[in-house]
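# Structural characterization, general
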Amino acid sequence: MGELTCQLSPLVFAELYYLLLANGDLGGELGDRLGEIGCDLEWLEARAQDYDAKWCFDAPSLETANADDWALSVEHSKLATWLLAGLRNTGVSDELSSNLVDAVQRRMNNDAPQLDVRPQSLSPIIRGWTLGMAAGTLDPALPMLLAWYPTDQHISAAYKGLVEQVLHLHGIAEPWPELAGTALYVRTGGLAEALRPAPEPAPGERKRGLQYSIDLLMREAKPQAPLHVWDRLRGNWMDWVDRRNILTHVKPGEDSTSTFEDNAAQVRTWYEIHLTVLGITQFICQEVSLELQESVPPGLRNNDPWEYLQHDVKTSWD
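Described below are features of the structure shown in this document. The shown structure was predicted, so the numbers you read here are calculated from the model rather than taken from an experiment.

Conventions used here
Residues numbered from 1 in each chain as written. Predicted model: local features only at pLDDT ≥ 70, side-chain atom pairs only at ≥ 80, totals over all residues. Heavy atoms only, no water. Helix = DSSP H or I, 4+ residues; strand = E, 2+ residues; numbered from the N terminus. Rg over C-alpha atoms; globule rule 2.2 N^0.38 Å. Buried < 20%, exposed > 50% of the residue type's maximum accessible area, 1.4 Å probe, protein only. Contact = heavy atoms within 4.5 Å. Areas by Shrake-Rupley, 256 points an atom, 1.4 Å probe, with all protein chains shown as cover. Axes fitted to C-alpha atoms, helices over the stretch in contact; angles between N-to-C directions. Parallel < 35°, antiparallel > 145°, perpendicular 65-115°, else oblique. Left-handed = near helix turned anticlockwise from the far one by under 90°. Polar contact = N/O pair within 3.5 Å; in protein donor to acceptor, adjacent residues only side chain to side chain. Phe/Tyr/Trp six-rings, centres within 6.5 Å; stacked < 30°, edge-to-face > 60°. Lys NZ or Arg CZ within 6 Å of the ring centre and 35° of its normal. 1 Å grid on protein atoms, 1.4 Å probe; cavity = no way out; pocket = protein on both sides within 12 Å on 5 of 7 lines; lining within 4 Å. Points joined across faces, edges and corners; volume = space filled by probe spheres on them. Nonpolar A, V, L, I, M, F, W, Y, C, P; charged D, E, K, R; others polar.

From N to C terminus, the chain includes 13 helices and three strands. In terms of C-alpha radius of gyration, the chain reaches 21 Å, essentially the compact-globule figure of 20 Å for 318 residues. Across its three principal axes, the chain shows a C-alpha extent of roughly 75 × 45 × 30 Å. Relative to its full complement of 318 residues, the chain shows a buried share of 49%. Nonlocal contacts in the chain, meaning residues at least 24 apart in sequence, comprise 73% of its contacts between residues at least 6 apart. With an accessible surface of roughly 14,900 Å², the chain has 50% of that area assigned to carbon and sulfur atoms.

Put into structure tokens, the structure is as follows:
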């Protein structure tokens, strides 16, 4: 399985679709979304059963060292992500994510007790109605590998670079070298500006900077994140630009009482940069679901995706 590829176990899709089908509040939106590709709720229930059968077939053979080799192709994750994006206006997705993690863990314990740790392919995350896979060892939810990335290739490549940096830091003892955390700040700020660039100022107007981009992304995040999460992110981002500027420009501004040494000391552990990584992940995920919300990718348009996905979940070859 590719390091930055969101390839998940069939159990993830089985439990995800069971949860969606069991949520009566989502029935209308879920049916409408499926209707966009000529499918219905009965179709989704049949797919959940197919994934469940594949999991039950594979589970006895899984081993901790090779469990991820049994994951399905990323196309299954793409279909699930597109489906979730259609539910973007129904509220936050964090409760669904938590319920999915719990359901997967419970089934893993029951059906594959030989697995002494949870593999990446059994570590799903839903953030901003975007499906992903948790990777690494520092955090159970970050960094997040996605099935779909923003359509802007520059933003996608930059986000993947950020993920690679976080994964790299997982193998380094804390406190990290200051430049390791500073690099994450630089990349995060660049991603925020690229996602929501400030408009060109009118004649006589002062140019708006990174804070404009962050404020806009935070407003967009408010209906996409639980209030307690949003409040923590807001606390992190309120003076984030000042901290970033000192790290990148070395000398603080005339009005600042902080020093370079003060700020460099605050980017050397996961605890100190966690909310920055969480924030940019939230922004990227909500961008993906926004882009997919009103579109049908060519691979799904006028075509039952199960015609080609079903071959991955076969349990007999008669």
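Another aspect to go through is the packing of helix H6 (residues 153-169) against helix H7 (residues 178-195). In the contact formed by H6 and H7, the axes pass within 10 Å of each other and the chain directions differ by 160°. Relative to H7, the element H6 is oriented roughly antiparallel. In this structure, the crossing between H6 and H7 has a hand that is left-handed. Contacts from Ile 155, Ala 158, Tyr 159, Gly 161, Leu 162, Gln 165, Val 166 and Leu 169 in H6 reach Ala 180, Ala 183, Leu 184, Arg 187, Thr 188, Leu 191, Ala 194 and Leu 195 in H7.

Counting through the fold element by element, Ser 156 comes out in helix H6. Residue classification places Ser 156 among the buried positions, given a relative accessible area of 8%. At a separation of 2.5 Å, a polar atom in the side chain of Ser 156 contacts the main-chain carbonyl oxygen of Pro 150. Here Ser 156 is in contact with Tyr 149 and Pro 150, once residues within four sequence places are set aside.

On to the packing of aromatic side chains, then. This structure, assessed with the given rule, holds seven aromatic pairs. Note on Tyr 17 and Tyr 51: the rings are 6.0 Å apart at their centroids and 55° apart in plane angle, and the pair reads as tilted. Here Tyr 17, found in helix H1 (residues 10-22), pairs with Tyr 51, found in helix H3 (residues 41-58); they are 34 residues apart in sequence, far enough to count as distant. For the pair shown, Tyr 17 and Tyr 51 are each scored as buried. Here Tyr 185 and Trp 240 contribute two aromatic rings whose centre-to-centre distance is 4.9 Å and whose plane-to-plane angle is 20°, an arrangement assigned as stacked. Of the two residues, Tyr 185 sits in helix H7 while Trp 240 sits in helix H10 (residues 240-249), which places them 55 residues apart along the sequence. Summarising the burial analysis for this pair, Tyr 185 and Trp 240 share the class buried. Members of the aromatic cluster, joined through ring pairs, are Phe 13, Tyr 17, Tyr 51 and Trp 306. Over the ring of Trp 148 we find Lys 78; its NZ or CZ atom is 5.1 Å from the centre of that ring.

A probe matching the size of a water molecule, rolled over the atoms, marks out where space remains unfilled. As a volume, the largest pocket reaches approximately 360 Å³. Forming the walls of the largest pocket are 18 residues, and the residues nearest its centre are Asp 94, Ser 97, Ile 125, Arg 127 and Ala 141. Elements represented by at least two residues in the lining of the largest pocket include exactly helix H5 (94-111), strand S1 (124-127), helix H9 (227-237) and helix H12 (270-293). Here the element with the most residues in the lining of the largest pocket is H5; it accounts for four residues. In terms of residue class, the lining of the largest pocket is made up of nine nonpolar, four polar and five charged.

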